[in-house]
Amino acid sequence: MMLKQLPPAVTYLVKDNGKVRVHTLVSSAPFFANATHIIELPTQLILIDGHFFAQYGYEFRQLADSLNKPITRFYVTHAHPDHYLGMGDAFADVIVYALEEITKLILQAGPHELKEKQQHFGNLIATHLTYPSQIVEPGEEEIDGVRFIFEKAIDTESPETLVIKLPDLRIAIVQDILYHNSHAFITGPVAGWKAALQELRDDTAYDTILAGHGTPADKADIDNAILYLDKVGEILSHVNDAIEYKQQLLAAYPNYAAAKLIDIYLPILFANKV
Ligand SMILES: [Zn+2]
């Protein structure tokens, strides 16, 4: 039984077209506002991303179990620990899919990442990892009569990210390419990231955008995310150090979730800046 030490996650029913339902579970705002998703098909569940804290991994599992269908695939979109650490214990029995590069990174860095975060956060972190075993190839696939498009996005918030699109539902699951009313994880130049957001905004095939942090979003939220990246660039161009940078970013976005992310990326960003 999992001890609930953190504020509970919030669940959203994003879409129900009679055949497919899409659910999103978002961890609480101070604890990264991680958003993970369930595509509930007629006979099975497809899950996307696995949280940072073990408690939210368990809450995600409870949501999946409440739907009374088997979990056939669990996709991990990229190799940042807030997308794969939390699921380790709660989803030890699932088949995890990831891009080849992401699988390699998690196999390499995962054990150290897990140990380090356990030292820092104690029993808020899962006891072990559940590793990807199936490689995702970009392309199209029909699962349970529903079209899935798998894409590899390059040079956005992380070097490689899996994007999953559901054209029948007009939903694009872009994870950390979009931070929705949430501070973003920024470690270097953002030109490629901005270009991906602009392309997504201009793609008329999709109108519901599922973020990796924050609640389900729409096109207007993409514009806000682009403005946020512009603001980051502007602040970076005139501040002297990391402390000044953080103060100005928090002043510009006082109500955004996941402010802790800034502390985590600052040493990386300012090391790259010099
Ligand atoms: Zn993330």
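Residues numbered from 1 in each chain as written. Predicted model: local features only at pLDDT ≥ 70, side-chain atom pairs only at ≥ 80, totals over all residues. Heavy atoms only, no water.

Going by the annotation in an unreviewed UniProt entry, the name recorded for the chain is MBL fold metallo-hydrolase, with Xanthocytophaga flava given as the source organism.

Caption draft 1: Molecular detail of the overall build of the chain. Looking only at helices and strands, the chain features 6 helices and 12 strands. In terms of overall size, the chain behaves like a compact globule, its C-alpha atoms giving a radius of gyration of 18 Å where 274 residues would be expected to give roughly 19 Å. With the C-alpha coordinates aligned to their principal axes, the bounding extent of the chain is approximately 55 × 45 × 30 Å. Expressed as a percentage of its 274 residues, the buried residues of the chain come to 55%. Pairs at least 24 residues apart make up 63% of the contacts formed inside the chain by residues separated by at least 6 positions. For the chain, the exposed area adds up to about 11700 Å²; of that, 54% sits on carbon and sulfur atoms. On the chain, the mean spot of the 21 positive side-chain charges and the mean spot of the 35 negative ones are 2 Å from each other. (Helix = DSSP H or I, 4+ residues; strand = E, 2+ residues; numbered from the N terminus. Rg over C-alpha atoms; globule rule 2.2 N^0.38 Å. Buried < 20%, exposed > 50% of the residue type's maximum accessible area, 1.4 Å probe, protein only. Contact = heavy atoms within 4.5 Å. Areas by Shrake-Rupley, 256 points an atom, 1.4 Å probe, with all protein chains shown as cover. Lys, Arg positive; Asp, Glu negative; His and termini not counted. Charge placed at Lys NZ, Arg CZ, Asp CG, Glu CD.)

Caption draft 2: Molecular detail of the coordination of the zinc ion. Taken together, the protein donors to the zinc ion comprise D82 (OD), H83 (NE2), D176 (OD) and H213 (NE2), at separations of 2.0 to 2.2 Å. Considering all 4 donor atoms around the zinc ion, the spread of angles at the metal, 86 to 167 degrees, places the coordination shape in the irregular class. Here the donor residues of the zinc ion are spaced in sequence according to D-H-x92-D-x36-H. Separated by 130 residues along the polypeptide, H83 in the loop between β5 (71-75) and β6 (96-98) and H213 in strand β12 (residues 208-213) bring together distant segments of the chain. Residue classification places H83 among the buried positions, given a relative accessible area of 1%. (Donors = N, O, S within 2.8 Å, 3.2 Å for Na, K, Ca; no water. Tetrahedral: all angles 85-135°; square planar, octahedral: opposite > 155°, others 65-115°.)

Caption draft 3: Expanded view of unusual backbone geometry. In the Ramachandran plot, D49 falls in the positive-phi region, its phi being about 75 degrees despite a non-glycine side chain. With respect to the element layout, D49 can be found in the loop between β4 (45-48) and α1 (54-66). Relative accessible area serves as the criterion here: at 0%, D49 is assigned to the buried category. In the Ramachandran plot, R170 falls in the positive-phi region, its phi being about 60 degrees despite a non-glycine side chain. The exposure class assigned to R170 is partly exposed, which follows from its relative accessible area of 33%.

Caption draft 4: Broad picture of empty space enclosed by the protein. Inspection of the entire model under this criterion finds 1 cavity of 30 Å³ or more. For the largest cavity, the calculated volume is near 60 Å³. Forming the boundary of the largest cavity are I177, L178, Y179, N181, S182, A184, W193, A225, Y228, L229 and Y256. If you list the elements that add at least two residues to the lining of the largest cavity, you get β11 (171-179) and α4 (219-238). (1 Å grid on protein atoms, 1.4 Å probe; cavity = no way out; pocket = protein on both sides within 12 Å on 5 of 7 lines; lining within 4 Å. Points joined across faces, edges and corners; volume = space filled by probe spheres on them.)

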